[in-house]
Amino acid sequence: LNNYESFSGVSPQAHIGVFDSGIGGLTVLRALRERLPQENFVYLGDTARLPYGTKSAASVVRYSVQAAQTLNQFRIKCLVVACNTASALALDSLRQTLAPLPVIGVVEPGAEAGCRASRSGRIAVIATEGTVRGGAYEHAIRARRPEAHIVTRACSLFVALAEEGLVSGSIASAIAHHYLDDAFNLASLQRPDTLVLGCTHFPVLIDPLREVVGDDVTIVDSARTASITVEATLREKELLNANGGSMQLLATDSRERFARVGSVFLQEPMQAADVQLVDLG
Ligand code: DGL
């Protein structure tokens, strides 16, 4: 047993727990599996209570803690909070709930990716209402680039579009224009040069987003950077797995819907039978 193992009782074979309010976090799971193919994953989407992005902070904390407790019953060695809203509002509570297990959110990795990509320091962040209200992105970006000029926009309808699988076409495009035109229809020196997708549902909307912001804006999300953080954290604790490779999917509502829409996010075929229904009580 290494030090961490004897201290916490977890082993490298335990799962990496991944949690989101729905299926958006599958974009993070995809990046995690690409980077760490030998790991065992258990993913929980709280589809019965989605969206979190329009709920109060107290509800988001309560739901997130229940989800983490459920995932903990599946023998996890760390938790990835693959939901920006839960990362922005519930990270401290989740760390307390699961201590000493590491809990990794996606806001810090998203901010890191945005700061690295931006040359001008003009950074736009799109997220849910809850994430924007909490100011977590501003805080995380300012900690890295105090001079940054940050524009944030709550784009709640994007979550519905993504969940509906309406990821391209005229409706998606009209909504993208509605949310982003005023932030990007500016003289070139004032325009953001980077757009951070501060919601794990948004990467599937890359086509309409690209159409609105144009080719000269760098679009980043937290998935890849978060997977690097997870790898570094597990390596430091000597908890990387070299012999796994499994994936378990849990949802709190319709397995059929999860499989149908989830396959767009995971970019892999998925059947309802691959998804297990759980009750968070
Ligand atoms: N996946 C959530 C996030 O990243 C958005 C969906 C929701 O509102 O629950 O913030």
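Residues numbered from 1 in each chain as written. Predicted model: local features only at pLDDT ≥ 70, side-chain atom pairs only at ≥ 80, totals over all residues. Heavy atoms only, no water.

Notes on the packing of helix α9 (residues 170-184) against helix α10 (residues 206-213)
Phase 1: Here α9 crosses α10 at 40°, and the two axes come no closer than 9 Å. Taken as axis vectors, α9 and α10 run oblique relative to one another. The handedness of the crossing between α9 and α10 comes out as right-handed. Across the interface between the two elements, Ala 172, Ser 173, Ala 176, His 177, Leu 180, Asp 181 and Phe 184 from α9 touch Pro 208, Leu 209, Glu 211, Val 212 and Val 213 from α10.
Phase 2: For the contact of α9 with α10, a count of residues per class yields eight nonpolar, two polar and two charged. (Axes fitted to C-alpha atoms, helices over the stretch in contact; angles between N-to-C directions. Helix = DSSP H or I, 4+ residues; strand = E, 2+ residues; numbered from the N terminus. Parallel < 35°, antiparallel > 145°, perpendicular 65-115°, else oblique. Left-handed = near helix turned anticlockwise from the far one by under 90°. Contact = heavy atoms within 4.5 Å. Nonpolar A, V, L, I, M, F, W, Y, C, P; charged D, E, K, R; others polar.)

Topic: the site of the ligand
Phase 1: What surrounds the ligand is a group of 14 residues, the closest being Ser 21, Tyr 52, Gly 53, Asn 84 and Thr 85.
Phase 2: Within the contact set of the ligand, an oxygen atom lies 2.6 Å away from a backbone nitrogen or oxygen of Tyr 52.
Phase 3: In isolation the ligand exposes 300 Å². Once the protein is present, 100% of that is buried.
Phase 4: Here the shell around the ligand is composed, by residue class, of six nonpolar, seven polar and one charged. (Near = heavy atom within 4 Å. Polar contact = N/O pair within 3.5 Å; in protein donor to acceptor, adjacent residues only side chain to side chain. Areas by Shrake-Rupley, 256 points an atom, 1.4 Å probe, with all protein chains shown as cover.)

Considerations on the packing of helix α2 (residues 26-35) against helix α12 (residues 255-266)
Phase 1: The geometry of α2 relative to α12 is characterised by a closest axis approach of 8 Å and an angle of 50° between their N-to-C directions. As judged from the angle between their axes, α2 and α12 are oblique. Considering only the axes of α2 and α12, their crossing is right-handed. Between α2 and α12, the contacting residues are Leu 26, Thr 27, Leu 29 and Arg 30 on the first element and Phe 258, Gly 262, Phe 265 and Leu 266 on the second.
Phase 2: Its residues assigned to classes, the contact of α2 with α12 comprises five nonpolar, two polar and one charged.

Some words on the sheet that holds strand β10 (residues 275-277)
Phase 1: Strand order in the open sheet made by the six strands is β4-β3-β1-β2-β9-β10, with parallel pairing throughout. The open sheet has two free edges, formed respectively by β4 (103-104) and β10, since each of these has just one partner strand.
Phase 2: In this structure, strand β9 (residues 247-251) lies alongside β10, joined through three bridges in parallel fashion. Of the residues in β10, the one forming a bridge with Leu 250 is Gln 276.
Phase 3: Along the sheet, α2 contacts β1 (15-20), β2 (41-45), β3 (76-81) and β9; its crossing angle with β2, the most-contacted strand, is approximately 170°. (Pairing = 2+ DSSP bridges.)

Comments concerning the sheet that holds strand β6 (residues 149-154)
Phase 1: Across the sheet, four strands lie side by side as β6-β5-β7-β8; this open sheet has parallel pairing. Every other strand in the sheet has two partners, leaving β6 and β8 (218-221) as the edge strands with one partner each. Neighbouring strand axes in the sheet, compared pairwise and without regard to direction, differ in orientation by 20° on average.
Phase 2: Sheet analysis places strand β5 (residues 122-127) next to β6, joined by six bridges and oriented parallel. Paired with Val 125 across the two strands is Thr 152, which belongs to β6.
Phase 3: Strand contacts of helix α5 (residues 107-117): β5, β7 (194-197) and β8, with the helix running at about 160° to β8, the strand carrying the most contacts.
Phase 4: Strands in contact with α10 are β5, β7 and β8; relative to β8, the strand with the most contacts, it is inclined by about 145°.

Details of unusual backbone geometry
Of all residues except glycine, most have a negative phi; of all peptide bonds, most are trans.
Phase 1: The step from Leu 50 to Pro 51 runs through a cis peptide bond, and the omega angle for that step is 0°.
Phase 2: Along the chain, Pro 51 falls in the loop between β2 and α3 (57-72).
Phase 3: The phi torsion at Gln 267 lies on the positive side, around 55°, for a residue other than glycine.
Phase 4: For Gln 267, a relative accessible area of 58% corresponds to the exposed category. (Buried < 20%, exposed > 50% of the residue type's maximum accessible area, 1.4 Å probe, protein only.)

Points about the side chain of Asn 40
Phase 1: Turning to its location among the elements, Asn 40 is positioned in the loop between α2 and β2.
Phase 2: From its side chain, Asn 40 meets the backbone oxygen of Gln 13 in a polar contact 3.1 Å long.
Phase 3: A polar contact of 3.0 Å, which involves the side chain of Asn 40, links it to the backbone nitrogen of Gly 245.
Phase 4: In this structure Asn 40 touches Gln 13, Ala 14, His 15, Ile 16, Asn 241, Gly 244, Gly 245 and Ser 246, once residues within four positions along its chain are discounted.

Regarding the pattern of salt bridges
Phase 1: Under the definition given, this model contains 14 salt bridges.
Phase 2: With a closest N to O distance of 2.6 Å, Arg 144 and Glu 112 form a salt bridge. Here Arg 144, found in helix α7 (residues 136-144), pairs with Glu 112, found in helix α5; they are 32 residues apart in sequence, far enough to count as distant.
Phase 3: Residue class for Arg 144 comes out partly exposed when judged on its relative accessible area of 31%.
Phase 4: On the accessibility criterion, Glu 112 (21% relative accessible area) is partly exposed.
Phase 5: A salt bridge links Arg 145 to Glu 147, with the nearest nitrogen and oxygen atoms 3.1 Å apart.
Phase 6: Taking relative accessible area as the criterion, Glu 147 reaches 52% and is therefore assigned exposed. (Salt bridge = Lys/Arg side-chain N within 4 Å of Asp/Glu carboxyl O.)

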